[in-house]
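# Fold and contact review
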Amino acid sequence: MAQLPYAIDAETPLNPAELEVLRAQYEKEGDMVGVQTKFNYAWGLVKSNTRTDQHLGLMLLSEIFRTSPERRRECLYYLALGNYKLASYAQARKYNDLLLDIEPHNLQAANLQAMIDDKVAKEGLMGVAIASGVVVAAGLVGGVLFRSLGRKR
């Protein structure tokens, strides 16, 4: 499938200065941080190429998802995207499916679903190739050992 512009968030992190603005606002608000500020910071973190940032972004989005029912729909795509970027494809699919249940024609979610399916298929094929290689190697080792035992008799 051709890359649609809708899932561009998967490959376009904020520059460090932009992320720092979001971080500074989040820290400035402290214990009284607003939901929008927390969401903006989480969004920037999820877009990051740094796994630590992505994990923190998912944690913040999960908090919003749990505590602000009116913001759940907004969180679903970025929870799915963050999990996709961290290769947690089952979690990514779970959140993305929830979003598609609410908005079946959401192009971002449809594109992300295709990206998740593609990664799962590729990793599945990689797993099959690795497993096949292990079986072949075990067969070769077994054959060598069997021959070696046969000669000693």
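Everything that follows concerns the structure shown earlier in this document.
First, a word on what this report is: a plain description of the structure on this page. Nothing here was measured: the structure is a model prediction, and the numbers come from that model.

### Quick notes on the overall build of the protein
The secondary structure content of the protein amounts to six helices and zero strands. Starting at the N terminus, the α and β elements of the protein follow one another as α-α-α-α-α-α. Long-range contacts, defined here as pairs at least 24 residues apart, represent 55% of the contacts in the protein between residues at least 6 apart. In the structure as shown, the protein presents an accessible area of about 9500 Å², 61% of it carried by carbon and sulfur atoms.

### Topic: the nonpolar core
By size, the foremost hydrophobic cluster in this structure holds 30 residues, and its most contacted members are L61, Y78, L81, Y84 and L112. Elements with a minimum of two residues in this core: α1 (16-29), α2 (35-47), α3 (51-67), α4 (72-85), α5 (89-102) and α6 (107-152). If you tally residues by element for this core, the top one is α4, at eight residues. L61 has contacts with F39, A42, V46, C75, Y78 and L79, leaving out every residue within four places of it along the chain.

### Regarding unusual backbone geometry
Of note in the backbone geometry, A87 takes a positive phi value of approximately 65° without being a glycine. Looking at the secondary structure, you find A87 in the loop between α4 and α5. In this structure A87 comes out as partly exposed when scored by relative accessible area, which is 42%.

### Topic: α2
Taking 1.5 Å as the rise per residue, α2 with 13 residues should run 18 Å; its terminal C-alpha atoms sit 18 Å apart, in good agreement. Listed as buried for α2 are T37, K38, F39, Y41, A42, G44, L45, V46 and K47. Contacts from the buried residues of α2 go to α1, α3 and α4.

### Some thoughts on the pattern of salt bridges
Side-chain pairs of opposite charge can arise whenever the charged atoms involved come near each other. Tallied over the full model, the rule gives six salt bridges. With a shortest N-O distance of 2.8 Å, E63 and K38 are connected by a salt bridge. Separated by 25 residues along the polypeptide, E63 in helix α3 and K38 in helix α2 bring together distant segments of the chain. Taking relative accessible area as the criterion, K38 reaches 15% and is therefore assigned buried.

### Observations concerning the environment of D53
Within the fold, D53 resides in helix α3. Take D53: its relative accessible area is 15%, and that puts it in the buried class. Considering only alpha carbons, one finds D53 and A42, 11 residues apart in sequence, at a separation of 8.6 Å. For D53, the contacting residues outside a window of four places in its chain are L19, L45 and S48.

Reading the values: rules and limits
Residues numbered from 1 in each chain as written. Predicted model: local features only at pLDDT ≥ 70, side-chain atom pairs only at ≥ 80, totals over all residues. Heavy atoms only, no water. Helix = DSSP H or I, 4+ residues; strand = E, 2+ residues; numbered from the N terminus. Contact = heavy atoms within 4.5 Å. Areas by Shrake-Rupley, 256 points an atom, 1.4 Å probe, with all protein chains shown as cover. Core = buried A, V, L, I, M, F, W, Y, C linked by side-chain atoms within 4.5 Å. Buried < 20%, exposed > 50% of the residue type's maximum accessible area, 1.4 Å probe, protein only. Expected span 1.5 Å × (residues − 1). Salt bridge = Lys/Arg side-chain N within 4 Å of Asp/Glu carboxyl O.

That is the geometry; function is a separate question.
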